[in-house]
Amino acid sequence: MNHQQQINKAVKGIASIQKKNKKEYWRPAFHITAPVSWMNDPNGFSMFKDEYHLFYQYHPYSPEWDNMHWGHVKSPDLVHWEHLPPALAPSEPYDTDGCFSGSAVEADGELVLMYTGNVWTGPDPDEDLKQVQCLATSTDGLRFEKHVQNPVVSEAPAGRTHPNHFRDPKVWRENDYYYAVLGSRTVDNVGQALLYRSENLLEWEFMNILAAGRGNMGYMWECPDLFRLDGFDVLVMSPQGVLPEGERYHNLHQAVYAVGDLDLEKGTFEFDVFHPLDHGFDFYAPQTTLDRFGRRIVIGWFAMWESDMPEKEELWAGAMSLPRVLSCEAGRWKSRPLPEMADLRREEVKRSGVIIEDERQIEGVEGNCLELQVVIDPQQAEQCGVDLLANESTGEKTKLVYNAREQKITLDREKSGTGPGGTRTTDVVLENGLLHLHIFIDHSTVEVFMQGGEKVMSARVYPAEASTGVRFFSDRTIELVEIRKWKLSKSISTAAPDMQLLL
Ligand code: FRU
C-alpha cells in the first residue's frame, strides 16, 4: 500500500472504532486527545498559513503503542482544535515500523515535517533498530507527501555515538540555515543531543555533539528542543534513566530544561544543571513553538511510559497538556497556562475573605471540568490545602497539601480513584505570605500552577463520576483571600476526521 492508501485505511479504522458503543467519562473536554486510540509525543508543533498545527505520535488502530503514525489537529488560537486525517503513516522501507517523533518548519510556502523513520531489524527493540531522518511536505497543511530523497540523514555520526538510537529531529530556521537538534546516546549509554545544519533541508551536515550528559543525566536523551527565551539559550529534552534525587525525578522518564550558552557556529551548548519542567507525574516529550505573538509555547504528552491508563477501556489513551507559555523573568523560569484559555470560562463563582477552620466546601465550587484560582493566607497553619475530585461517601480525592514548616506542596493521587497512585512534592516559596494556586481539572487531568507559574504539577487521575467535590482543609484557621472558579466549556471536537477532506 502506498502512503495515501495507508492514510485512507487509518481514517476508516478511526471511524469504525468510533462507531463502537462505549462510555466516555474520562475524556478531557479542553485538552487534546485523539478521536480514538493511542497517542504519545506532540510532534510538528507549528504555525502554517496563520493556523496552528499539532501532530502527535499515533496508533490509530488500538489504545496501545504500536506502529506509529502522525495524528493531526489544527487550531486558529491554540484553544479550539479540530481533528484532521493522520498526516503520516508507515509506508516505505525506511519507515516501515513507525514514523517516530519529529517537528515542522515552513519553507517556501510548504509545511515540511522532519521525522524519524524507524525499522526493527531483529527481536530486541532496544538494540535491533535502524533510525533515519526523513521529510514530508504539504502545500495545504492536510495531505503530506514523503520526499523522494528520503532518508535525508541515513546514518548516525561515526565515533562514540550509538548507531541505532538516533531520533526526534527538531528543526528551525535561523539566518541562512536550517538547523536540527536530534536525540541520541553514546555507545556507553550517556544521553546526548546532536546538531545538524542544512541550506535546503535535503543535504544535512553534522556539526557537533551539541551537549552530553554528566553524572545523573540519563542514558538517552529523547525529543530535544533548542531555542532562545527572553535572552537565554535553552535546551529542553526528555532524558531516560535519570535516578531520583530528593523529591525530583521520580517518574520513569523526565522532561527537563537547561539554561546554558549556545554557540551555533561551533555547535555547542554548555550548561551545568537541568531542572524538571513539571513537578508532577505525567508530562513527557514536550515540544515548543513560537506563536503569532512571539511567545514560546510548550505542549507535553500528558501521560508517562509504562503508566496504567484506565482510559484504554474507553478505547483511547493519552492526552496533551494545556499549552503553556514559557518565560524567563529576572532569571526566574515560568510556565503559565495559555491566557486565552480564559475564552472557555463560564459561570464564574467569586468569593473573598473565606475563613476555613478544619474543612469546608464552598457553594458553587465543584466539578470535573473547571478552572480554579485561589489565593490562600495560611496564617499559623502547619498543613492546609484542597481536595479535588472529592467524594464524601467513597473517600475519593486528589489531594493538594501545603506544608508550611517545610515550604513544600504535595500532590497526592493515592485516593484519586482507579489507576496509578503515588505522591509528588516540590518546594514552594510564598509571596508576601500568600500561596497562589491556579488549577485546571478536566475529567482525568489535574494541572496545578503555583505562584504565577514558578512551578507546575500535572497528574492523570481516574475518579468515579460522582467524585466532583472541592474541599478546603487546614489544621488551623486559614483565609482564602480570594477564590474564583469557572466551568470550562469544551474546545476540542471529538468528531473523527472527515474523510471528505482527503478527496
Ligand atoms: C518519546 C519517544 C521518542 C520516539 C517516540 C516513539 O516518547 O520514545 O523518542 O520518537 O516516542 O513513539
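Please read all numbers here as calculations on a predicted model, not as lab measurements. Every chain is numbered on its own, with residues counted from 1 as its sequence reads. Note on the predicted model: pLDDT of at least 70 is required for a residue's local features to be given, and 80 or more for side-chain atom pairs to be given and counted; whole-chain, interface and lining totals, by contrast, use all residues. Side-chain calculation: all heavy atoms of the structure are included, whereas hydrogens and water are not.

## Focus on the overall build of the chain
The helix and strand inventory of the chain stands at 1 helix and 34 strands. For a compact globule the rule gives 2.2 Å times the number of residues to the power 0.38, and the radius of gyration it is set against comes from C-alpha atoms. Against the 2.2 N^0.38 benchmark of 23 Å for 503 residues, the chain shows a C-alpha radius of gyration of 23 Å, consistent with a compact globule. Partly exposed residues are those whose accessible area sits between 20% and 50% of the maximum for their type, while under 20% is buried and over 50% is exposed, using a 1.4 Å probe and protein chains only. Across the 503 residues in the chain, those meeting the buried criterion constitute 61%. Sequence-distant contacts, at least 24 apart, represent 61% of the contacts inside the chain between residues at least 6 apart. We get accessible surface area from the Shrake-Rupley algorithm with a probe of 1.4 Å; when it comes to residues, only the shown protein chains can shield them. Working note: accessible area of the chain is about 19100 Å², and carbon and sulfur atoms make up 46% of it. Counted as positive: Lys and Arg. Counted as negative: Asp and Glu, with His and the chain ends omitted from the count. In this description, the location of a charge corresponds to atom NZ of lysine, CZ of arginine, CG of aspartate or CD of glutamate. Here the chain carries 50 positive and 76 negative side-chain charges, and the mean point of each set is 3 Å from the other. For helices the rule is a DSSP run of H or I covering at least 4 residues; for strands it is a run of E covering at least 2, with both sets numbered from the N terminus onward. The contact criterion used throughout is that any non-hydrogen atoms of two residues lie within 4.5 Å.

## Here we look at the sheet that holds strand β8 (residues 145-146)
Criterion used throughout: strands pair if DSSP finds at least two bridges between them. The strand order across the open sheet formed by 4 strands is β5-β6-β7-β8, and the pairing between neighbours is antiparallel. Looking at which strands have only one partner, the edges of the open sheet turn out to be β5 (99-107) and β8. As paired elements, β5 and strand β6 (residues 110-120) share 8 bridges and run antiparallel to each other. Note that in β6 the partner of alanine 104 across the bridge is leucine 113.

## Notes on the site of the ligand
Throughout this document, a residue counts as near a molecule or strand when at least one of its heavy atoms sits within 4 Å of that molecule or strand. Taken together, Asn40, Asp41, Gln57, Trp65, Met68, Phe100, Ser101, Arg167, Asp168, Glu222, Tyr284 and Trp305 are the residues near the ligand. Separating an oxygen atom of the ligand from a side-chain N or O atom of glutamate 222 is a distance of 2.8 Å. With respect to the ligand, the side chain of tryptophan 305 contributes an N or O atom lying 2.9 Å from an oxygen atom. Of all the elements in the fold, those that place two or more residues in the shell around the ligand are β1 (37-48), β5 and β9 (161-174). Taken together, the residues that form the shell around the ligand break down as 5 nonpolar, 3 polar and 4 charged. We define a polar contact as two N or O atoms separated by no more than 3.5 Å, with the added condition that, inside protein, one atom must be a possible hydrogen donor and the other a possible acceptor, whereas residues neighbouring each other in sequence contribute only through side-chain atom pairs. When residue character is reported, Ala, Val, Leu, Ile, Met, Phe, Trp, Tyr, Cys and Pro are called nonpolar, Asp, Glu, Lys and Arg charged, and the others, Gly included, polar.

## So, the nonpolar core
To qualify as a nonpolar core, a set must consist of buried Ala, Val, Leu, Ile, Met, Phe, Trp, Tyr and Cys residues joined through side-chain atoms within 4.5 Å. The biggest cluster of nonpolar side chains holds 35 residues, and the ones touching the most others in it are Ile409, Leu437, Ile439, Phe472, Leu480 and Ile483. Each residue touching isoleucine 409, except ones within four places of it in the same chain, is listed here: Leu400, Val401, Tyr402, Arg424, Thr425, Thr426, Val428, Leu435, Leu437, Met450 and Met457. Within the second largest apolar cluster, 32 residues are counted, among which are Tyr52, Val79, Ile297 and Leu344.

## Quick word on unusual backbone geometry
Excluding glycine, most residues fall at negative phi; most peptide bonds, likewise, are trans. Cis geometry marks the peptide bond from asparagine 150 to proline 151, where omega comes out at -10°. Backbone geometry places leucine 201, a non-glycine residue, at a positive phi of 75°. Taking the relative accessible area as the measure of exposure, leucine 201 reaches 5% and is therefore buried. For glutamate 347, which is not a glycine, the phi torsion comes out positive at approximately 50°. Looking at the secondary structure, you find glutamate 347 in strand β23 (residues 345-356).

## Notes on the side chain of histidine 279
Residue placement: histidine 279 occurs in the loop between β17 (275-276) and β18 (284-290). Among the polar contacts made by the side chain of histidine 279, one reaches the side chain of threonine 426 at a distance of 3.3 Å. The contacts of histidine 279, once residues within four sequence positions are left out, are Arg248, Arg424, Thr426, Lys455, Val456 and Met457.

## Observations concerning the packing of aromatic side chains
Only Phe, Tyr and Trp rings take part, Trp by its six-membered ring, and two of them pair if their centres are within 6.5 Å. Stacked means planes under 30 degrees apart, edge-to-face means over 60, and tilted covers everything else. Within this structure, the stated rule accounts for 21 aromatic pairs. Seen from their ring centres, tryptophan 70 and tyrosine 115 are 6.3 Å apart, and the 70° between their planes marks the pair as edge-to-face. Separated by 45 residues along the polypeptide, tryptophan 70 in strand β3 (residues 69-75) and tyrosine 115 in strand β6 bring together distant segments of the chain. Taken as a pair, tryptophan 70 and tyrosine 115 share a single burial class, namely buried. Considering the side-chain rings of tryptophan 172 and tyrosine 179, the 5.5 Å spacing of their centres and the 20° angle between planes classify their relative orientation as stacked. A relative accessible area of 2% means that tyrosine 179 is categorised as buried. Members of the aromatic cluster, joined through ring pairs, are Trp38, Trp65, Phe100, Trp120, Trp301 and Trp305. For the cation-ring pair, arginine 214 lies above phenylalanine 271, with the distance from its terminal atom to the ring centre recorded as 5.2 Å. Throughout this description, the term charge over a ring refers to an Arg CZ or Lys NZ atom that lies within 6 Å of the ring centre and within 35 degrees of the ring normal.

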